[in-house]
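Descriptive analysis of the structure
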Amino acid sequence: MADDRYQILALDEIEPVRAPRQQAQLLAVRRELGIRAFGVNGWRGDAGERVVPPHEEDSGNEELYVVVQGRATFTIGDDERDAPAGTLVFIEPETHRAAVAAENGTIVLAIGGTRGEPFEVHGWEDFAVAEALRDAGRHDEARATIDAAVEANPEAWGLVYNTACWESLDGNPDAAFELLRKAMVLDEAEVRKWAAEDTDLDPLRADPRWNELFG
Amino acid sequence: VTLAHLDELDAIELPDGFTWRPVRRRFGIQAFGVNAYTPGASGQVVEEHTEEAYRHEELYVVLRGRVRFTVDDAEHELRAGQVVFLRDPTLRRSAVALTDDAAVLAVGGRPGLAHEVSAWETLFAAAPAIQAEDWDEAIRIHEATLAERPDDAQLLFNLACMEARGGRRGDAIRHLRRAVELDPDCATAAATDTDFDTIRDDAAFPRA
């Protein structure tokens, strides 16, 4: 149910996307609704499956997790905590966190933003959706998803960077280097950090343009 | 504390008949607004309002039970796990509980701006003291927040209201004048706010 001013949906009716890097079922809520003020996504899992991928957040990034349905077991630093539906979990940014579903059909909502800064769309969910399409062999749809996301969020360095990774893996070094240059203009520090160890970019490392860009 | 069940949150029943379950304050979240609501005496679970003042996008998540959500004149019966996203801040929105166990989470923020904690949260926190006309406690709650956000005009205005009601004329005038300095619209609001009836005759009372 929707018009251009408001929208209603059911979390358990969003088609989950198997996010390849997170190894979990993503409900791309922010992307689905076009939210611009804060980050919000769901993770859905049956018993034993990930509902919060293991990670830490950078300093200043605040995330609140809400168990909407089912039950999850959270690992927060070295602690393990039971979290039935209705539980809210707030974790300091640099603390390691992860959660697995303790019941089938568990849904955990993750809400996030950066303290003192406007929310920016980084586009990682768009990339997760696109990558799932690509993994399913639906290359044209994957590329169309990325192109639309870049058009909607031209400042999202991650989208450009990850597209460069695809070009690298597909054996298109010219396109890959062009995209890496664009990504560097958007956020050089992040691109340098990720490119240093990203195996997707291994096919490019012997190319003289690599040292021109990162040397 | 990093983890709390909805039922472990504070429950502050407000005069409009809904119960505020502070989430942002509980965890000290600064990056976005987030609170939960459960029905109070009237069965209301989300008070009728727009977001025209704050220009927030709002996402409501039904965490438990069923509610009837009204957006302008459209009514929607929602179950647990359904969400309403309102991108247009001018829409009137409210919800009533259809089951006693209903609970709704509200998330809000303004696109393109860093989140600022809304002054109404402090007013809600002070609601029990205000209802009991315990002005010292209502003032204490506002002063505690003011220490964190000394230039929040709405907070200063609300504090001045409490001080006027509590007979602290000098403090009320001082804080109201500062609120007007920061936001001249406060003078217009003060002209008709009955909280200031006892101090409006003061020569130092700010005029619009």
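What counts and what doesn't
- Residues numbered from 1 in each chain as written.
- Chains lettered and ligands numbered in written order.
- Predicted model: local features only at pLDDT ≥ 70, side-chain atom pairs only at ≥ 80, totals over all residues.
- Heavy atoms only, no water.
- Helix = DSSP H or I, 4+ residues; strand = E, 2+ residues; numbered from the N terminus.
- Rg over C-alpha atoms; globule rule 2.2 N^0.38 Å.
- Buried < 20%, exposed > 50% of the residue type's maximum accessible area, 1.4 Å probe, protein only.
- Contact = heavy atoms within 4.5 Å.
- Areas by Shrake-Rupley, 256 points an atom, 1.4 Å probe, with all protein chains shown as cover.
- Lys, Arg positive; Asp, Glu negative; His and termini not counted.
- Charge placed at Lys NZ, Arg CZ, Asp CG, Glu CD.
- Buried area = accessible area lost by both parts, 1.4 Å probe.
- Salt bridge = Lys/Arg side-chain N within 4 Å of Asp/Glu carboxyl O.
- Nonpolar A, V, L, I, M, F, W, Y, C, P; charged D, E, K, R; others polar.
- Pairing = 2+ DSSP bridges.
- Core = buried A, V, L, I, M, F, W, Y, C linked by side-chain atoms within 4.5 Å.
- Axes fitted to C-alpha atoms, helices over the stretch in contact; angles between N-to-C directions.
- Parallel < 35°, antiparallel > 145°, perpendicular 65-115°, else oblique.
- Left-handed = near helix turned anticlockwise from the far one by under 90°.
- Phe/Tyr/Trp six-rings, centres within 6.5 Å; stacked < 30°, edge-to-face > 60°.

Notes on the overall build of chain A
Across its full length, chain A holds 6 helices and 11 strands. For chain A, the C-alpha radius of gyration of 18 Å lies close to 17 Å, the compact-globule estimate for 215 residues. Based on the C-alpha atoms only, the size of chain A along its principal axes is roughly 55 × 45 × 35 Å. Taken across its 215 residues, chain A has 52% of its residues classed as buried. Put simply, 64% of the contacts in chain A that link residues at least 6 apart link residues at least 24 apart. Per element, the accessible surface of chain A, about 10,100 Å² overall, is 45% carbon and sulfur. Counting 21 positive and 44 negative side-chain charges, chain A places the averaged centre of each group 1 Å from the other.

A closer look at the overall build of chain B
A tally of helices and strands in chain B yields 7 helices and 11 strands. Here the C-alpha atoms of chain B give a radius of gyration of 18 Å, agreeing with the 17 Å that 2.2 N^0.38 yields for 208 residues. Overall, the C-alpha framework of chain B stretches about 55 × 30 × 30 Å when taken along its three principal axes. Expressed as a percentage of its 208 residues, the buried residues of chain B come to 55%. A separation threshold of at least 6 residues defines the contact pool for chain B, and within that pool the share at least 24 residues apart is 60%.

Remarks on the interface of chain A and chain B
Taken together, the contacts link 42 residues of chain A with 42 residues of chain B. A combined buried area of about 3,600 Å² lies between chain A and chain B, and 64% of that area is made up of carbon and sulfur atoms. The largest per-residue losses of area from chain A upon contact with chain B belong to A:Arg5, A:Tyr6 and A:Leu88, which jointly make up 19% of the total buried on that side. In this structure, A:Arg5 engages B:Asp72 in a salt bridge whose closest nitrogen and oxygen atoms are separated by 3.8 Å. Counted by class, the side of chain A that touches chain B contains 23 nonpolar, 8 polar and 11 charged residues. Pairing analysis gives 3 bridges linking strand β9 (residues 87–91) of chain A to strand β1 (residues 3–5) of chain B, with the strands arranged antiparallel. Across the sheet, A:Thr87 pairs through a bridge with B:His5, a residue of β1(B).

Looking at the nonpolar core
Core analysis: the largest hydrophobic core is formed by 53 residues, its most contacted members being B:Tyr60, B:Phe69, B:Val84, B:Leu86, B:Phe157, B:Leu176 and B:Phe196. When residues of this core are assigned to their parent elements, the largest contribution, 9 residues, is made by helix α5 (residues 153–165) of chain B.

Looking at unusual backbone geometry
Even without glycine at this site, A:Gln23 takes up a positive phi of about 55 degrees. Structurally, the position occupied by A:Gln23 is in the loop between β2 (17–19) and β3 (24–27). The phi dihedral of B:Asp72 is positive, around 50 degrees, even though this residue is not glycine. With respect to the helices and strands, B:Asp72 occurs in the loop between β7 (66–71) and β8 (74–79).

Side note on the packing of helix α3 (residues 139–152) of chain A against helix α4 (residues 157–169) of chain A
Residue and element names in this part refer to chain A. One way to put it is that α3 packs onto α4 with a least axis distance of 10 Å and a crossing angle of 155 degrees. Taken together, the axis directions place α3 and α4 in an arrangement best described as roughly antiparallel. Crossing of α3 against α4: the hand is left-handed. For the pair α3 and α4, the contacting residues are Ala142, Arg143, Ile146, Ala149 and Val150 in the first and Leu159, Thr163, Trp166 and Glu167 in the second. Per-class residue counts for the contact of α3 with α4 are 6 nonpolar, 1 polar and 2 charged.

Observations regarding the sheet that holds β7(B)
Residues and elements named next belong to chain B. Pairing within the open sheet is antiparallel, and its 4 strands lie in the order β5-β10-β7-β8. Each end of this open sheet is capped by a strand with a single partner; those strands are β5 (44–49) and β8. With direction set aside, neighbouring strand axes in the sheet form an average angle of 20 degrees. Bridge count between β7 and strand β10 (residues 93–97): 5 bridges; the pairing is antiparallel. Paired with Arg68 across the strands is Val96, a residue of β10.

Considerations on the packing of aromatic side chains
The full count for this structure, using the stated rule, is 14 aromatic pairs over all chains. Ring centres of A:Tyr65 and A:Phe74 lie 5.8 Å apart, and the angle between their planes is 55 degrees; this geometry places the pair in the tilted category. According to the relative accessible area criterion, A:Tyr65 is buried, its value standing at 1%. With a centroid separation of 5.9 Å and an interplanar angle of 35 degrees, the aromatic rings of A:Phe90 and B:Phe27 are classed as tilted. Note that A:Phe90 is positioned in strand β9 and B:Phe27 in helix α1 (residues 24–27), a pairing that runs across two chains. Here the two residues A:Phe90 and B:Phe27 agree in accessibility, since each one is buried. An aromatic cluster is defined as three or more aromatic residues linked by ring pairs; in this entry it consists of B:Phe18, B:Trp20, B:Tyr37, B:Trp120 and B:Phe124.

Here's the deal with the pattern of salt bridges
Evaluated as defined, the whole model comprises 39 salt bridges over all chains. Between A:Arg209 and A:Asp207 there is a salt bridge, with the nearest N and O atoms lying 2.9 Å from each other. Look at A:Arg209 and you get partly exposed, because its relative accessible area is 23%. You can call A:Asp207 buried: its relative accessible area is 19%. We note a salt bridge from B:Glu121 to B:Arg24, for which the minimum N-O separation is 3.0 Å. You can see B:Glu121 sitting in helix α2 (residues 119–125) and its partner B:Arg24 sitting in helix α1, a full 97 residues away along the chain. For B:Glu121, a relative accessible area of 3% corresponds to the buried category. Here B:Arg24 falls in the buried class, since its relative accessible area comes to 7%.

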